Each structure stands twice: as C-alpha cells, then as structure tokens.
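A look at the structure
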Amino acid sequence: MADTVASGLGGEKEKETEDKEKGKEKEKQAQDIKTGSEKLNSTPEITETLGFYERKVNQERKRSLSDLSLLRFISTELTRGYFLEHNEAKYTERRERVYTCMRIPRELEKLMLFGFCLCLDAFLYVFTLLPLRAVLALIRLITLPCCGLKANTCPFCKKRQSSSGTRLLQPAQVCDVLKGFIMVICYFMMHYVDYSMMYHLIRGQSVIKLYIIYNMLEVADRLFSSFGQDILDALYWTATEPKEKRRAHIGVIPHFFMAVLYVFLHAILIMVQATTLNVAFNSHNKSLLTIMMSNNFVEIKGSVFKKFEKNNLFQMSNSDIKERFTSYVLLLIVCLRNMEQFSWNPDHLWVLFPDVCMVIASEIAVDVVKHAFITKFNDITADVYSEYRASLAFDLVSSRQKNAYTDYSDSVSRRMGFIPLPLAVILTRVVTSSVKVQGSLAFVCVLLFYLGLITLKVLNSIVLLGKSCLYVKEAKMEEKLFQTPPATTPGKPSNKSKNKFRAPPGIPTNNSLSASITSQPVHQSESTSPLLPNSNSDQFLTTPDAEEKDITQDGSELKHRASNKDLLEIDRFTICGNRID
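Computed from a predicted structure; not experimentally measured.

1. Details of the nonpolar core
One finds Ile182 and Phe281 to be the most contacted residues of the largest nonpolar core, which totals 99 residues. Counting residues per element, this core draws most heavily on helix H10 (residues 252–282), at 16 residues. Apart from the residues lying within four places of it in its own chain, the contact partners of Phe281 are Lys286, Leu289, Leu331, Val334, Leu352, Asp355, Val356 and Val359.

2. A word on helix H8 (residues 195–203)
Along H8, the positions that sit buried rather than exposed are Tyr195, Met198, Tyr199 and Ile202. All buried residues of H8 fall inside an arc of 100 degrees around its axis, so they share one side. Facing away from the buried side of H8 by more than 90 degrees, the exposed set consists of Met197, His200 and Leu201. The distance from a side-chain oxygen at the start of H8 to the backbone nitrogen of Ser196 is 3.2 Å, and the residue carrying that oxygen is Asp194.

3. Comments concerning the packing of aromatic side chains
Taken as a whole, this structure holds 15 aromatic pairs when the rule is applied. Between Phe305 and Phe377, the ring centres sit 6.0 Å apart and the planes meet at 25 degrees, which makes this aromatic pair stacked. Of this pair, Phe305 sits in the loop between helix H11 (287–303) and helix H12 (310–341) while Phe377 sits in helix H13 (residues 346–377), placing them 72 residues apart in sequence. According to the relative accessible area criterion, Phe377 is partly exposed, its value standing at 38%. Seen from their ring centres, Trp350 and Phe353 are 5.8 Å apart, and the 65 degrees between their planes marks the pair as edge-to-face. Within this pair, Trp350 and its partner Phe353 are both found in helix H13, separated by three residues, close to a single helical turn. Through pairs of rings, three or more aromatic residues link up here, namely Phe116, Phe123, Phe127, Phe325, Tyr328 and Phe418. Lying across the ring of Tyr91, Lys90 places its NZ or CZ 6.0 Å from the centre. The cationic tip of Arg389 hangs over the ring face of Tyr471; the distance from NZ or CZ to the ring centre is 4.9 Å.

4. Structural notes on the packing of helix H4 (residues 88–127) against helix H16 (residues 420–434)
Between H4 and H16, the shortest axis-to-axis distance is 10 Å and the interhelical angle comes to 60 degrees. As summarised for this structure, H4 and H16 are arranged oblique, according to the angle between their axes. Of the two elements, H4 crosses H16, and the hand of that crossing is right-handed. Of the residues in H16, those touching H4 at Ala122, Phe123, Val126 and Phe127 are Pro420, Leu421, Leu423, Ala424, Leu427 and Thr428.

5. Things to note about the environment of Ala172
Relative to the assigned elements, Ala172 resides in helix H7 (residues 171–189). For the pair formed by Ala172 and Ala137, sequence separation is 35 residues and the distance between their alpha carbons is 9.4 Å.

6. Thoughts on unusual backbone geometry
Of note, Ser343 is a non-glycine position whose phi angle comes to about 55 degrees, a positive value. Tracing the chain through its elements places Ser343 in the loop between H12 and H13. Assessed through its relative accessible area of 63%, Ser343 is described here as exposed. Phi angles above zero are rare outside glycine, and Lys476 is one such case at about 60 degrees. By relative accessible area, which is 64% here, Lys476 ends up exposed.

7. Things to note about the UniProt feature "transmembrane region" (unreviewed entry) in the protein chain
Using the residue numbers shown here, the UniProt feature "transmembrane region" (unreviewed entry) corresponds to residues 111–128, 174–193 and 256–281. Helix makes up 80% of residues 174–193 and strand 0%, with an end-to-end C-alpha separation of 29 Å. Within the segment residues 256–281, helix and strand shares are 100% and 0% respectively, and the terminal C-alpha atoms sit 38 Å apart.

8. Let's talk about the confidence of the model for the protein chain
Close inspection of predicted coordinates is inappropriate for parts of the model with low pLDDT. Summarising the model, the protein chain shows a mean pLDDT of 75, and 68% of its residues fall at 70 or more. Contacts of residues 42–53 to residues separated by more than four positions or lying in other chains number nine contacts, the stretch itself having pLDDT below 50. Taken as a whole, residues 488–563 scores under 50 in pLDDT and shows 128 contacts with residues more than four places along the chain or in a different chain.

Rules used throughout
Residues numbered from 1 in each chain as written. Predicted model: local features only at pLDDT ≥ 70, side-chain atom pairs only at ≥ 80, totals over all residues. Heavy atoms only, no water. Core = buried A, V, L, I, M, F, W, Y, C linked by side-chain atoms within 4.5 Å. Buried < 20%, exposed > 50% of the residue type's maximum accessible area, 1.4 Å probe, protein only. Helix = DSSP H or I, 4+ residues; strand = E, 2+ residues; numbered from the N terminus. Contact = heavy atoms within 4.5 Å. Arc of directions from axis to C-beta. Polar contact = N/O pair within 3.5 Å; in protein donor to acceptor, adjacent residues only side chain to side chain. Phe/Tyr/Trp six-rings, centres within 6.5 Å; stacked < 30°, edge-to-face > 60°. Lys NZ or Arg CZ within 6 Å of the ring centre and 35° of its normal. Axes fitted to C-alpha atoms, helices over the stretch in contact; angles between N-to-C directions. Parallel < 35°, antiparallel > 145°, perpendicular 65-115°, else oblique. Left-handed = near helix turned anticlockwise from the far one by under 90°. UniProt positions renumbered as here; feature names shortened; annotations may be inferred. pLDDT = per-residue confidence, 0-100.

Okay, structure coming up:
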C-alpha cells in the first residue's frame, strides 16, 4: 500500500517537472517571437548624411528588388551632395597656394630686376670708376716720393700723411691698383687666344658633343667662381694686411700671379661658352640651340622635387640672377661677333633678334616655373623675396658707410658668385677686336661712349642706393648698419673653441635673436651655446649648416649641434641643409 502511494507521488512529481519544462519552452518561444516583432517594429533614427533623411528599417526591408536597379543607382549618383565647408581649412589652404603661385612671377621678377641692377652696377664699375681710381692711386704713389723731403713743410703732404698714417696707400687704393694691373695683364694675354680658330674647332664637332661640352662649361664656371673670389680676397688681404702681424702667407707676388692665372683661365672659359652659343645661333637647323634651351628645363626636374628652405632658395635666387646677367652678356658677345662678320649690317640684327628673344623667354619661363613649384611644395610664402631684396640692399648700404670692410663689387661677388673681372676682360677683348677705331672722330665717339657709361653708372648707383635704403628701412635693419663686422668669414661659425660644453637645462643662457653678418662674435667664456627661438613665422628662416660634435668627459657619446644662419651670412657657396643650390 505504501509502495503504491510512493509511486503515485513520484509520477505526479515527474508530470509536474515535465509541465514546468514545457511551460519554460513556451515562454522562451513567446519571448523570441516578441523580440523579433520588436526588431521589426523598431524605428532607429538615421542621421542626415549625403542628402538623405530618416527612413524606417522595416520600409528598407520591404523594398522590392525592382527598386535596387541600375536606374536607381544612376539617379542616386546624380542627386547625391556634399558640403565643402566641413573641411574649410583644407580648401582655404589650397586657395592660398594658388594665390601664392600667382604672386611668385611678380615678386620674383622684382627681385631679379633689383639683382640685375646690382650686377650691372658692379660690372660698370670695372669699366668706369675702377680705371679712374687706379690712376689716382698711381698718381699718389708716384708723387709721394717727390714730396717726401718736404713732407714736414708742405700742408698737402701733411694732410695726406695725417689721413693715411704710415701707409703709402689706403687699402682700397691698393686693391684698385691690383685690379687694374690684373685687367691690363689679362687683356694683353687674351690677344694670344685665336677666336676664329676656336670657332671653327667647335663648329666641327657633333651636336651631342657640343651639348656635353656646354654642360661641362657650366659646371666649370661654377667651380671657377667658387674658388676665384677666394683667390682674389686672399690677394687683397695679403697686400693690405698690417705689417705688425706675423707673416703667415707666401707673399704678395705669388698671390698676384695666382689671381692673374685665375682671371685668364676664367676668361677663356667664358670665351668658349660664347663661341659655343655663337655656333648654336649660326647652325642651319637650330638643333643645337634647341638642345641648349632644353637644358634649362632640366633644372626644373633637378630642383622642384627637392626639399628647400629659405636659405637654399636664397642661394638659388642669387644663382639665377647671376646666370641671367651672364647670359645677357654672352648674347651681347654673340651679337657683336655676328655683326662684325656681316660688316655691321642692321638687317642681320633682325635675323638674330628672334633667337635672342627665344633664349631670354626660356630663361624667364624656367625661373618662374621653378620658383613657383619650389615655394608650393615647401610651403614658402611669396613675401620671402622681399626679405631677399632687403638682404641684398643691406650689402649695398653697408658698403657706402665709413666703417665699410669690403668693396661693393666684392660683396656682390661673394653673395651671388658673380665675379666681374673675367667677364670684363673678355668683353673688352671682343669689343676692341670687333670695333676698329680710326681717326679723330672715332676717338671722340669713344670718349662720348665712355662718358655715357659713367653717367649710366652714376644714375644706376643713385637709384639703387635710394631703393636699398627704402628696403632696409622696411625690413627694420637700420640698427645692424651701426654694428661692428664679425671677425670670421661668412659661412663659418663665429665662435669655435676646443672646450665644448652644454648648459644645464635649468640655467638660463645669453641668447641672441638672430646671427647677423654685422654682429660681433661673443667670447666663449662669456656666453654659453646660443639657442634660437622657434616660431611659426620664421621656421624656415634658418637651417642647420654645419654639425659640431660635443665630446663629453667620459668620451663615450658624440652629440651633433647645428649652427643657425641668418640670410646676411649666406653667400653663393655656403652649404645650407647639407647642400649648395
């Protein structure tokens, strides 16, 4: 009896558990159906994008396959929209780049015109004022021994001795005499170079060979210019160095012969360039002239796709100014030689005129395109060319002061790599061989021409000096004019010492805002290593130039320190950013 009751209770419990499990399954199924219906009936919000508004998910799922057709895709592509103001900064920057490229030709040509006038002023100085200054210096040198016995009684001799001290000649007069002797000696040496033989020798070569020769001559011209000014500066300093200092040179005469040899070789190089250009003008199919013009466009490929900073662009601008002025002089030489061969027939000048205009136009076009894309790729504004003009104007204004430490023509040579002496020698040689002076009327014409050159030189100098003062004033560089020039040469650090140290981060140092060419070098014991402030406005103004190694007391680590350079310290052949442009 008890077993039957127990078995009955166990059966009932099993039925109850089965009923509970079935109830749970039904509740789970009902919950799944409920959640599915909620998903179907849910209406999530869709944000406004691409011109479409809120739509329900159930409507999207109920859309038929006919709606997802090619016609609907085309209509969507035709009606979709976008908003440029969501990325306003990006498009504003692109617009400013376009405006900068449009301003580059105007700003560049203003710099080129100013630089061209500077080169013209230095070039005319060699023909006009330099001979007069050299003659005056020689007259003083000749007449000084005659008045030597009466120096104590003659008031003129007393005045000259009080102004010059113990020197027979002023340093500037010594340099003028040396330049005059170099010009005269090289001019007579150029008479031994046969221009006609050189012309026919070059004309007999093939076009490709002449193209290679012309490129080699351009490279050689840069190398001569870089080393030639050093030779001339060494001669000037050796001749004018105070006698109290210990002799550390080989003598004035060896330096003088080195300078004569350099000017002679550089003049021959320029003559070969002019002869090659003359062969290109006189070729029948003009193929050589076309190849030589295409060489200018190769500069775009070699320059545009490189990283440039302000100092590198300043060097390239100076190089372009020098190349443009040299090209104009070479074209003048070609025209003179051709006009001589055709007995100065004016009709032949109009034959040469289209080719001359084509060469000049290609030079201008290449410079504009090159500078426009360099400034675009390196985020350099067009206002940088006004800074370059101010730097060139500063050289002109500083050379007119009483405490000037160099002649203006020499400063132009260092800044742009333009050395007027070889170019003046070859032009004088070509003019004297092309123009025959016979009779008194011809000498009167030569005298009038010389007076015209002097007038042009004086007017050009007055205009340049006025513009330079204006540019220096706009750049706020007047205070630098009254500072003492540095004791070191441009392009090298002004303070180098064997004991290199680094200031701790917590100790303030004596910082200078800019290292100018007119700033006085600071002694190592008075100041620590200079640190220039970094700002967004002048982040390209200075560039690492020379790396110095800091050796610690342990001798275990080497740290590179870069010296920053101002534009006034950058000449044509200063290494900026590990290269020279």
